[in-house]
Amino acid sequence: MKELIIQKIEEHREVFNQISIEIGENPELGHEEFKASALLAGELKKHGFSVELGTAGLPTAFEAVYDSGKPGPSIAYLAEYDALPELGHACGHNLIGTMSIAAAIGLSRVLHETGGKVYVYGTPAEETRGGKVTMAEQGIFNHLDAAMMVHPLSQYEKSGSSLAMDAIQYEFFGKAAHAAASPHQGINALDAVIQTFNSINALRQQLTPDVRIHGIIAKGGEAANIIPDYAVAQFYVRAESRERVNEVVKKVNACAEGAALATGAKLSISNYEFSYDELVTNDHLSNLFTQTLVELGVDPTQIHEKSAGGSTDMGNVSRVVPAIHPYVKICNEPYACHTPEFRDAALSEMGREGMILGAKALALTGYKLLTNPEFLAKVKQEFHEVMAAKRKQA
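Below you will find a few notes about this structure. Predicted model only: the values in this text are computed from it and were never measured.

## Description of the layout of surface pockets
Here the largest pocket defines a volume of roughly 700 Å³. In this structure, the largest pocket is lined by 30 residues; those nearest its centre are Cys 91, Gly 309, Gly 310, Ser 311 and His 338. Where the lining of the largest pocket is concerned, the elements lending two or more residues are strand 6 (151-153) and strand 10 (230-239). Counted by class, the lining of the largest pocket contains 11 nonpolar, 12 polar and 7 charged residues.

## As for the environment of Cys 331
Positionally, Cys 331 belongs in the loop between strand 14 (327-329) and helix 11 (340-346). In this structure, the C-alpha to C-alpha distance between Cys 331 and Gln 155, residues 176 residues apart in sequence, is 7.5 Å. With residues up to four places along the chain from it excluded, the contact list for Cys 331 reads Leu 153, Ser 154, Ala 345 and Met 350.

## A look at the pattern of salt bridges
Under the defined criterion, the tally for this structure stands at 18 salt bridges. Here Arg 13 ties to Glu 353 by a salt bridge, and the two come within 3.0 Å at their closest N and O atoms. Residue Arg 13 is found in helix 2 (residues 13-25), and its partner Glu 353 is found in helix 12 (residues 349-371); the two are separated by 340 residues along the sequence. On the accessibility criterion, Arg 13 (15% relative accessible area) is buried. In this structure, Arg 343 and Asp 344 form a salt bridge, with 3.3 Å as the shortest nitrogen-oxygen distance. The network of salt bridges with shared partners includes Glu 10, Arg 13, Glu 353 and Lys 360.

## Side note on the environment of Thr 98
Mapped onto the elements of the fold, Thr 98 is located in helix 4 (residues 93-108). The exposure class assigned to Thr 98 is buried, which follows from its relative accessible area of 0%. Through-space distance from the C-alpha of Thr 98 to that of Ile 303 is 22 Å; in sequence the pair is 205 residues apart. Apart from residues no more than four positions distant in its own chain, Thr 98 is found in contact with Phe 16, Ile 19, Ser 20, Ile 23, Leu 40 and Met 355.

## A closer look at the nonpolar core
Counting 59 residues, the largest nonpolar core has Tyr 77, Leu 107 and Leu 369 as its most contacted members. Considering every element that reaches this core, the biggest residue donor is helix 12, with 11 residues. Beyond its immediate chain neighbours, meaning those up to four positions away, Leu 369 contacts Pro 73, Ile 75, Ala 146, Met 148, Leu 285, Leu 288, Phe 375, Leu 376 and Val 379. Listed in part, the 26 residues of the second largest apolar core include Ala 189, Phe 235, Ala 239 and Val 248.

## Points about the packing of aromatic side chains
Counting across every chain of the model gives 8 aromatic pairs. Judged by centre distance (5.2 Å) and plane angle (85 degrees), the ring pair of Tyr 121 and Phe 141 falls under edge-to-face. Here the residue Tyr 121 occupies a position in strand 4 (residues 117-122), and Phe 141 occupies one in the loop between helix 6 (131-137) and strand 5 (146-148), the gap between them amounting to 20 residues. For the ring pair Phe 197 and Phe 235, a centre distance of 4.7 Å and an interplane angle of 45 degrees mean the geometry is tilted. Of this pair, Phe 197 sits in helix 7 (residues 189-203) while Phe 235 sits in strand 10, and the two are 38 residues apart along the sequence. What makes Phe 235 buried here is its relative accessible area of 1%. Ring pairing ties together the aromatic residues Tyr 119, Tyr 121 and Phe 141, which thus form one cluster. The ring of Tyr 236 carries the charged tip of Arg 238 above its face, separated from the ring centre by 4.9 Å.

## A few points about helix 2
Taking 1.5 Å of rise per residue, 13 residues should cover 18 Å, and helix 2 covers 18 Å from first to last C-alpha, within 8% of that figure. What helix 2 keeps buried is the set Arg 13, Phe 16, Asn 17, Ile 19, Ser 20, Ile 21, Ile 23 and Gly 24. Tucked into the core, helix 2 has its buried residues touching helix 1 (2-11), helix 3 (34-46), helix 4 and helix 12.

Reading guide: rules and limits
Residues numbered from 1 in each chain as written. Predicted model: local features only at pLDDT ≥ 70, side-chain atom pairs only at ≥ 80, totals over all residues. Heavy atoms only, no water. 1 Å grid on protein atoms, 1.4 Å probe; cavity = no way out; pocket = protein on both sides within 12 Å on 5 of 7 lines; lining within 4 Å. Points joined across faces, edges and corners; volume = space filled by probe spheres on them. Helix = DSSP H or I, 4+ residues; strand = E, 2+ residues; numbered from the N terminus. Nonpolar A, V, L, I, M, F, W, Y, C, P; charged D, E, K, R; others polar. Contact = heavy atoms within 4.5 Å. Salt bridge = Lys/Arg side-chain N within 4 Å of Asp/Glu carboxyl O. Buried < 20%, exposed > 50% of the residue type's maximum accessible area, 1.4 Å probe, protein only. Core = buried A, V, L, I, M, F, W, Y, C linked by side-chain atoms within 4.5 Å. Phe/Tyr/Trp six-rings, centres within 6.5 Å; stacked < 30°, edge-to-face > 60°. Lys NZ or Arg CZ within 6 Å of the ring centre and 35° of its normal. Expected span 1.5 Å × (residues − 1).

Spelled out as structure tokens, the structure:
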């Protein structure tokens, strides 16, 4: 049956290639991915999947399911398809979304023999207000036995961890005045922003090495001769765990509160994007995927441990269902994500070869879960033990 899965993906290789190109050449920002969502959902419908659009109240999200009609596990592949401002698909989401539907379509070929269900979830806006956060909060994934997706990269990497993250906005409200004639009558909101940056920079010495704090001045005034009465700073606060992020955010907030007190400005604190939890990789499931890559011809010495990275809303999914987020190689040069070079790699022939390989590995990993109860039992046992330990730490 493994051969049938691979055959199904190969039969539709050119269709999948064209879908990835179409999405890649027509980038859409988060929660605006109407063309990409329709393209992916439409292809699933052609292969017998039942599709529901607007999942969790998100217009560009979708849920697709192929039900064998027989008892068995529920396996899900998660699709991303949002682009970056200016850069387009410089994170390869045109490949991710297509890879997930290709895997599901391939696995559906044998589902009537294995039993169970295969799902595809279209999850918009991973780069900003991640759809997976909303979907996880609404319990969309709670019924699943496993959730998987694969990300493109310049090398093969195992699923590992990611950084938990909060996106914090500090708005300072001051009082405008003529900067030369009557500065004493003003309250400088920009000074509060600058003091916030300085305080955070001083705070870094007392933080653990996993913590990352980086920010911008989103608004700093209107003219040099006017005391700014309104200024905004935006920061990402990241760390290796949700618990650590929560601790650090309290300290960062105190920096902003101190700046407001020192300048006389009023302060408003808010989240300008969704908070992401760290990715909790299920090691049993990750090992199964890595083994499958090797069976498909990847040299095991070329599959690396995950390097330090950013944040993903897949972390929120991994808190409710066993999950993995490994990487497949799409280029020979060490291009970083979120660069024009990586965007071009995601539209290259080598990029599409990596996509098809990733789809096969995802599909065959799902097949192993469907047909080997012992594998799935180990995956679920690990998940429950790890989550129990995290609840004790919280």
